[in-house]
Amino acid sequence: MAATAASTALKRLDLRDPAALFESHGAEEIRGLERQVRAEIEHKKEELRQMVGERYRDLIEAVDTIGQMRRCAEGLVGAVKATDQYCARLRQAGSAAPRPPRDPQPQQPSQEKFYSMAAQIKLLLEIPEKIWSSMEASQYLHATQLYLLCCHLHKLLQLDSSSSRYSPVLSRFPILIQQLAAASHFRSAILHESKMLLTCQAVSDQAVAEALCSVMLLEDSSPRQALADFLLARKAAIQKLLNQQHHGAGVKSQICSLVELLATTLNQAHALFYTLPEGLLPDPSLPCGMLLSTLDNVTGQHPTGKGIGVLQEDMKLCSWFKHLPASVVEFQPALRTLARPISQEYLKDTLQKWIHMCNEDIKNGISNLLMYVTSMKGLAAIRDAMWELLANESIHHSWDVICRRLLDRPLLFWEDLMQQLFLDRLQTLTKEGFDSISSSSKELLVSALRELESSTSSSTSNKHIHFEHDMSLFLWSESPSDLPPDAAWVSVSNRAQFPGSGLSMKAKAISPCVQSFCSALDSKLKVKLEDLLAYLPSGDPSPPKDVSPAQARHCAFDRYADAGTVQEMLQMHSAACVGHITDCVQAELQSIQQAVQGQQDAPDGVQLHSVLFMARLCQSLGELCPHLKQCILGKSGSTEKPARDSRALKKQGKGKTQEIIPMQAKWQEVKELLLQQSVMGYRVWSSAVVKVLAHGFTQSLLLDDAGSVLATATSWDEVEIQEEAESGSSVTSKIRLPVQPSWYVQSFLLSLCQEINRVGGHALPKVTLQEMLKSCVVQVVAAYEKLSEEKQVKKEGAFPMTQNRALQLLYDLRYLHIVLTTKGEEVKSGRSKQDPRVEKVADHLEALIDPFDLDVFTPHLHGNLNRLVQRTSVLFGLLTGTENQFTPRSSTFNSQEAHNILPLASSQIRFGLLPLSMTSTRKAKSAGRSIETRAQ
């Protein structure tokens, strides 16, 4: 036991690497291993000695036996040589002595009967070997003929009678007892092999006919029963083929084998059982009636080389063959009943019932097989392989004629059996794929929102997360990917539609986090779309014009007939995927909106960052995911000529209504859904920002102590006016008017612009900006209304509402109303409708001013307002917008204001908010010269 344990321990060690052994063991362990190895060597030596000692005696005995065998063989060879020499001497002596000729004597009848019986017994003994040889060669009809001949010999020799135990033949030839036992198994073996051959599809029509003839001869059945056996065998073959469990390419081979089996079954049913009507000439390329012709050759009185003829060729030289009786030599199998042809009506009815019976099994089996196909490319490969198989000339030849003769209708393998199964599997794969994309997109969205929430507490957060907090950091940062690599030599018109350059992303205010999300989603959609496009036609699904009708009819089926259904399926699931993403975004936005509305103070910045991320995501999803558009639009969504198409649509005239394709309408619906979610997100952000800024503005406005009023006051301008006195003379006086808004007004507008710039205001939706400005106007007017209400109630220590303060408040209100009011629709319609709430507050403030002074102040006050708005139109450009730009001023300039007012551009150029210098126009030059002259 110790040696065994040591040997087992040594086997576990790798003693071939001493270095590794010394690295893993210590010195004492190495010495122990050495002792174990030496003990193992001695043990093996002892085993070798014992084995050699035990086998040496056996070796000596074997050598002695071999010597005895050699001597015995030499003696046998000598005896055979002596016998050969003796026989040679006898032949020589016999040839030397002449013998008188004898007349042939006729054999006795009893001797002839004995020879006949002996020849039959001899043939009976040789038939089993012939039967097995025929079965090994798959010649079952020949084996059947031999078996029936064997049964006939049994009857002649009276071996199958009830008194066979006392038969004189069996008593004299006991070997026939074993022969009878062996012959009894031939019938079942031949039947089994013949029926097994019927289940094979790769056999010729003649082999199937011979197998059916064998079954008919052995079971003494009719052609109708043979048809039933044939169809049952093929049904069993279909079930066996469908029950094989394979994966991948095995499914394709199984389905193709199934189609080939069905086609072969109908072809062989026509070749075997169909009989032509009288008067119709047979077609050599379309055989029929082979079963009856083969059966007639076997059972006819004048065989044409079949049956026992093969046995005659083999045994005609045997000496005993001439003693066989005529009933054995001319033996032919026979049916008890006459084999009548199957009527066409019965054949059609039977085949239709068989197809209907197999239809359910085929559909269930193919559905189970398609479960192993996990891609659309696999389905397309199976469909194309099936198309190539059915388009093959060997199957397609005369297929329509055979179907019309046997079924009275064409049998469409694809349309009747396969197409709906493939569409169902395609539906399942598409749904699973887009469900996976939806779930992964939801997880990616949730992880991105969690990362935004946790970025404030993490000092080593991702740089891209900071861009979500402040978009201006991203807009004004430089990166190597700002320009595409081919920007220097490839024009914009020839450049790809989605170059993905950094500048294009910054121009659209698309943050890196949004880009990564859209890139991940687009890559998944690309994989799914490429997989599905393998099932669709690569080009125009309609056949080419140069294809002749004969070639079109030669096609097995239209592979792309269901392309429209597949496209609708893709469109539906891709739209559902987008809907699932927008639902997740909507749920997140609603939860954040409820949290923000419940906060009295400033809202949480992290929540607003999440809102802005989702708003930018929905705004950019349709543009940064080109494969989403292609999924919905299909071939029309190819990204090759979008710019040309848009330009062409613009050139077609605004009054003409364009015909909207249903797929285009679906894409517009998806874009509208994304835009709604984007606007909803921006609305949550804008309402929170306006709420905070308006709260600060209201607090500053309502401060009524003297120090606060002075702290927010700005400088006024002195204006000289000339008035006519009562005497008719002109009197010059000076008035003081506000030229700047209060500090809290400027701070409010500047903070508003900063917040808009921080989120990339140039890419905000116009509707969001308009809603934001409207909300600001509502909050500002509410603040002024609250001020008016408080001033009506006198408080102790409150600064009184003087005329100057009322004038400043009126100036501030007019300025805010001009800047924050969107005039897009008003400018288009040519109408300007004043806000009644603003006019009410303005009337209240004007009531605090002396009417005579108000009449004097109003024209100059409006002039100051116009100049102020022009000065601040660039500073607050995101608020005023292009629709609030003022028209170029007249050429009449005052020398006092020429140095601080610049004329605006007369046309909308690329940078419409930038002012042009006065030297840009001829009028500006002339005005400049007049200024220089006056200065001199």
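Counting restarts for each chain, with residues numbered from 1 along the sequence as it is written. Reporting in this predicted model follows two pLDDT cut-offs: at least 70 for local features of residues, and 80 or more for side-chain atom pairs to be given and counted; totals over whole chains, interfaces and linings ignore these cut-offs and use all residues. To get the side-chain values, take all heavy atoms of the structure and skip hydrogens and water.

Points about the overall build of the protein chain
So, point 1. Strands are runs of DSSP state E lasting at least 2 residues, helices are runs of H or I lasting at least 4, and numbering of each runs from the N terminus. Within the protein chain, the secondary structure is distributed over 38 helices and two strands.
So, point 2. Whether two residues touch is decided by their heavy atoms; if any such pair falls within 4.5 Å, the residues are in contact. Here the analysis covers contacts within the protein chain between residues at least 6 apart in sequence; of these, 79% occur between residues at least 24 apart.
So, point 3. On the protein chain, roughly 54500 Å² of surface is accessible, and the fraction owed to carbon and sulfur atoms is 54%. For the accessible areas, the method is Shrake-Rupley and the probe is 1.4 Å, while residue cover comes only from the protein chains on display.

Quick word on unusual backbone geometry
So, point 1. Residues other than glycine seldom take positive phi values, yet Ser 138 does so here, at roughly 60 degrees.
So, point 2. You can see Ser 138 is positioned in the loop between α4 (109-136) and α5 (140-156).
So, point 3. Take Ser 138: its relative accessible area is 40%, and that puts it in the partly exposed class.
So, point 4. Phi at Asp 408 takes a positive value of approximately 65 degrees, unusual for a residue other than glycine.
So, point 5. By the element assignment, Asp 408 lies in the loop between α18 (399-407) and α19 (413-454). Relative accessible area decides the class of each residue, using a 1.4 Å probe on protein chains only: under 20% of the type maximum gives buried, over 50% gives exposed, and in between gives partly exposed.

Observations regarding helix α8 (residues 186-198)
Count 3.6 residues to each turn of an α-helix, and residues three or four apart come out pointing the same way.
So, point 1. Expected span of a helix: the number of residues minus one, times 1.5 Å. Over its 13 residues, α8 extends 18 Å from the first C-alpha to the last, a length consistent with the 18 Å expected when each residue adds 1.5 Å.
So, point 2. Looking at α8, one finds that the buried residues are Phe 186, Ile 190, Leu 191, Ser 194, Leu 197 and Leu 198. Buried positions in α8, seen along its axis, are confined to an arc of 130 degrees and lie on one side of it. This arc is built from the directions going out from the helix axis to the C-beta atoms.

Notes on the packing of helix α25 (residues 563-597) against helix α29 (residues 662-702)
So, point 1. At a closest axis distance of 11 Å, the pairing of α25 and α29 adopts a crossing angle of 10 degrees. The orientation of α25 relative to α29 falls into the category roughly parallel. Each of Gln 567, Gln 571, Ala 575, Val 578, Gly 579, Thr 582, Gln 586, Leu 589, Gln 590, Gln 593, Val 596 and Gln 597 in α25 lies in contact with α29, whose residues at this interface are Pro 662, Met 663, Lys 666, Val 670, Leu 673, Leu 674, Gln 677, Met 680, Gly 681, Val 684, Ala 688 and Lys 691.
So, point 2. Classifying every residue of the contact of α25 with α29 by side-chain character gives twelve nonpolar, ten polar and two charged. Axis angles are defined between N-to-C directions and span 0 to 180 degrees, where every axis is a line fitted to C-alpha atoms and, for a helix, only to the segment in contact. These descriptions rest on fixed angle ranges, namely under 35 degrees for roughly parallel, over 145 for roughly antiparallel, 65 to 115 for roughly perpendicular, and the rest for oblique. Charged residues are taken to be Asp, Glu, Lys and Arg, nonpolar residues to be Ala, Val, Leu, Ile, Met, Phe, Trp, Tyr, Cys and Pro, and polar residues to be all remaining types, Gly included.

Notes on the packing of aromatic side chains
So, point 1. Two rings from Phe, Tyr or Trp (for Trp, the six-membered ring) form a pair when their centres are within 6.5 Å of each other. A pair whose planes differ by under 30 degrees is stacked, one over 60 is edge-to-face, and the rest are tilted. Enumeration over the complete set of coordinates arrives at nine aromatic pairs.
So, point 2. Cluster of aromatic residues (ring-pair linked, three or more members): Phe 697, Tyr 744, Phe 748 and Tyr 784.
So, point 3. Over a ring means this: the NZ of a Lys or the CZ of an Arg is within 6 Å of the ring centre and within 35 degrees of the ring normal. When the ring centre of Tyr 535 is taken as reference, the NZ or CZ atom of Arg 383 above it lies at 4.4 Å.
So, point 4. Here the basic side chain of Arg 559 rests over the ring of Trp 387, its NZ or CZ set 4.1 Å away from the ring centre.

Some words on helix α27 (residues 626-633)
So, point 1. Where burial is concerned, most of α27 is hidden: six out of the eight residues are buried.
So, point 2. Every buried residue of α27 is listed here: Pro 626, His 627, Leu 628, Cys 631, Ile 632 and Leu 633.
So, point 3. Following α27 by one or two positions, Gly 634 adopts a phi angle in the positive range, close to 70 degrees.

Section: the pattern of salt bridges
So, point 1. One side-chain nitrogen of Lys or Arg within 4 Å of one carboxyl oxygen of Asp or Glu is enough to make a salt bridge. Tallied over the full model, the rule gives 19 salt bridges.
So, point 2. Glu 28 serves as the salt-bridge partner of Arg 31, at 3.2 Å between the closest nitrogen and oxygen. On the criterion of helical spacing, the pair formed by Arg 31 and Glu 28 is a turn pair, its members being three residues apart in helix α3 (residues 27-96).
So, point 3. Judged by relative accessible area, Glu 28 falls into the exposed class, the value being 59%.
So, point 4. A salt bridge links Glu 669 to Lys 666; its shortest N-O distance comes to 4.0 Å. Within this pair, Glu 669 and its partner Lys 666 are both found in helix α29, separated by three residues, close to a single helical turn.
So, point 5. Take Lys 666: its relative accessible area is 26%, and that puts it in the partly exposed class.
So, point 6. Overlapping salt bridges, with partners in common, bring together Arg 383, Asp 384 and Arg 559 in one network.

Structural notes on the side chain of Gln 567
So, point 1. Turning to its location among the elements, Gln 567 is positioned in helix α25.
So, point 2. In this structure the side chain of Gln 567 is engaged in a polar contact, spanning 3.3 Å, whose partner is the backbone oxygen of Cys 631.
So, point 3. Excluding residues that lie within four positions of it along the chain, Gln 567 makes contacts with Leu 536, Gln 630, Cys 631, Ile 632, Leu 633, Gly 634 and Met 663. Identification of polar contacts relies on pairs of N or O atoms within 3.5 Å, with a donor-acceptor requirement for protein atoms, meaning one able to donate a hydrogen and the other able to accept it, and with residues adjacent in sequence counted only if both atoms are side-chain atoms.

Quick word on the nonpolar core
So, point 1. Residues enter a nonpolar core if they are buried and are Ala, Val, Leu, Ile, Met, Phe, Trp, Tyr or Cys, with the set joined through side-chain atoms within 4.5 Å. Residues Trp 685 and Leu 820 are the most contacted members of the largest nonpolar core, which totals 210 residues.
So, point 2. If sequence neighbours within four positions are ignored, Trp 685 has contacts with Leu 608, Val 611, Leu 612, Glu 755, Ile 756, Val 759, Leu 764 and Met 772.

Considerations on a nonpolar patch on the surface
So, point 1. A cluster of nonpolar side chains, Tyr 56, Leu 59, Ile 60 and Val 63, forms an exposed patch at the surface whose accessible area comes to about 400 Å².
So, point 2. One can find Val 63 in helix α3. Excluding any residue in a salt bridge, patches collect residues exceeding 30% relative accessible area, merging like charges within 9 Å and nonpolar Val, Leu, Ile, Met, Phe, Trp and Tyr side chains within 5 Å.

Comments concerning the confidence of the model for the protein chain
So, point 1. Each residue carries a pLDDT value, the predictor's own confidence for that position, ranging from 0 to 100. The share of residues in the protein chain with pLDDT of 70 or more is 75%, and the mean pLDDT across the chain is 77.
So, point 2. Low pLDDT, under 50, characterises residues 827-831; the predicted model gives this stretch two contacts beyond four residues in sequence or across chains.
So, point 3. Considering only residues more than four positions removed or in separate chains, one finds that residues 914-936, a stretch of pLDDT under 50, has 19 contacts.

Focus: the environment of Gln 754
So, point 1. Here Gln 754 is to be found in helix α31 (residues 743-758).
So, point 2. Along the sequence, Gln 754 and Ser 472 sit 282 residues apart, while their C-alpha atoms lie 9.8 Å from each other.

With respect to the environment of Met 196
So, point 1. Mapped onto the secondary structure, Met 196 falls in helix α8.
So, point 2. For the pair Met 196 and Arg 234, spaced 38 residues apart in sequence, the C-alpha to C-alpha distance is 9.9 Å.

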